[in-house]
Amino acid sequence: MNSTRRDALKTTGAFAALVSMGIVTQSQANAALERSSFEGKTLADALKAVGGTPATSDQVTVVAPDIAENGAVVPIGAASKLPNTTEIFLIVEKNPMPLAAAFTVPAGTVPEISTRLKMGQSSNVIAVVKADGKLYSATKETKVTLGGCGG
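Values in this document were obtained by computation on a predicted structure and should not be read as measured data.

Novice: Please clarify how the pattern of salt bridges should be interpreted in this entry.
Specialist: Where side chains of opposite charge bring their charged atoms close, a pairing between them can arise. With the rule as written, the count across this model stands at two salt bridges. Taking the shortest distance from any N to any O, the salt bridge between Asp 66 and Lys 140 comes out at 3.2 Å. Within this pair, whereas Asp 66 is found in the loop between strand 2 (60–63) and strand 3 (67–68), its partner Lys 140 is found in strand 9 (residues 134–144), the two being separated by 74 residues in sequence. Owing to a relative accessible area of 52%, Asp 66 belongs among the exposed residues under this scheme. The salt bridge involving Glu 87 is made with Lys 130; its shortest N-O contact spans 3.7 Å. Here the residue Glu 87 occupies a position in strand 5 (residues 85–92), and Lys 130 occupies one in strand 8 (residues 123–131), the gap between them amounting to 43 residues. Glu 87 sits in the partly exposed class, given a relative accessible area of 23%. Its relative accessible area of 26% is what places Lys 130 among the partly exposed residues.

Novice: I'm lost on the side chain of Ser 137 in this one. Help?
Specialist: By secondary structure assignment, the location of Ser 137 is in strand 9. A relative accessible area of 7% means that Ser 137 is categorised as buried. Residues in contact with Ser 137, not counting those within four places in the same chain, are Pro 54, Ala 55, Thr 56, Ser 57, Val 60, Ile 126, Ala 127 and Val 128.

Novice: Can you walk me through the sheet that holds strand 2 in this structure?
Specialist: Consider a sheet: its strands pair through backbone hydrogen bonds, and that pairing is either parallel or antiparallel. Taken together, the three strands give an open sheet; going across it, the order is 2-4-7, and neighbouring strands pair in antiparallel fashion. Lying at the two open borders of the sheet, with one neighbouring strand each, are strand 2 and strand 7 (112–117). Pairwise comparison of adjacent strand axes, ignoring direction, gives a mean angle of 15 degrees for this sheet. In terms of strand pairing, strand 2 meets strand 4 (residues 74–80) through four bridges, oriented antiparallel. If you follow Val 63 over to strand 4, its bridge partner there is Gly 77.

Rules used throughout
Residues numbered from 1 in each chain as written. Predicted model: local features only at pLDDT ≥ 70, side-chain atom pairs only at ≥ 80, totals over all residues. Heavy atoms only, no water. Salt bridge = Lys/Arg side-chain N within 4 Å of Asp/Glu carboxyl O. Helix = DSSP H or I, 4+ residues; strand = E, 2+ residues; numbered from the N terminus. Buried < 20%, exposed > 50% of the residue type's maximum accessible area, 1.4 Å probe, protein only. Contact = heavy atoms within 4.5 Å. Pairing = 2+ DSSP bridges. Axes fitted to C-alpha atoms, helices over the stretch in contact; angles between N-to-C directions.

Below you can see the structure in the form of structure tokens.
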């Protein structure tokens, strides 16, 4: 029990220090501590966590390989041409926990992100963008030849 309490104190203390130095805003710290959004087991859970069902848009792009040789490190990116983009989420439909990443886009920055994700099997990768309070998405299928989530 002490380990859990100790871990909570360390995490809270670290975020408090980052907030006090101005490196992280209070809302970013709160969002980082809220992990339940990432614990959904289905696509429906992931979409609920990001705010609902998005509309498909040609202004949102998913950058992912057609075939990933190693599912443990799949380069994934997303971009939005929509004005006032504030958040970008990456969802891997067939992963055990589909919501894979969430990014806050500060005002005045280019709404483009890139990262590497684990993919357990071939799946649709969905980029969900929040712009002007509404959700938009784009989807791309990526085939995985060697699983990354325990495969």
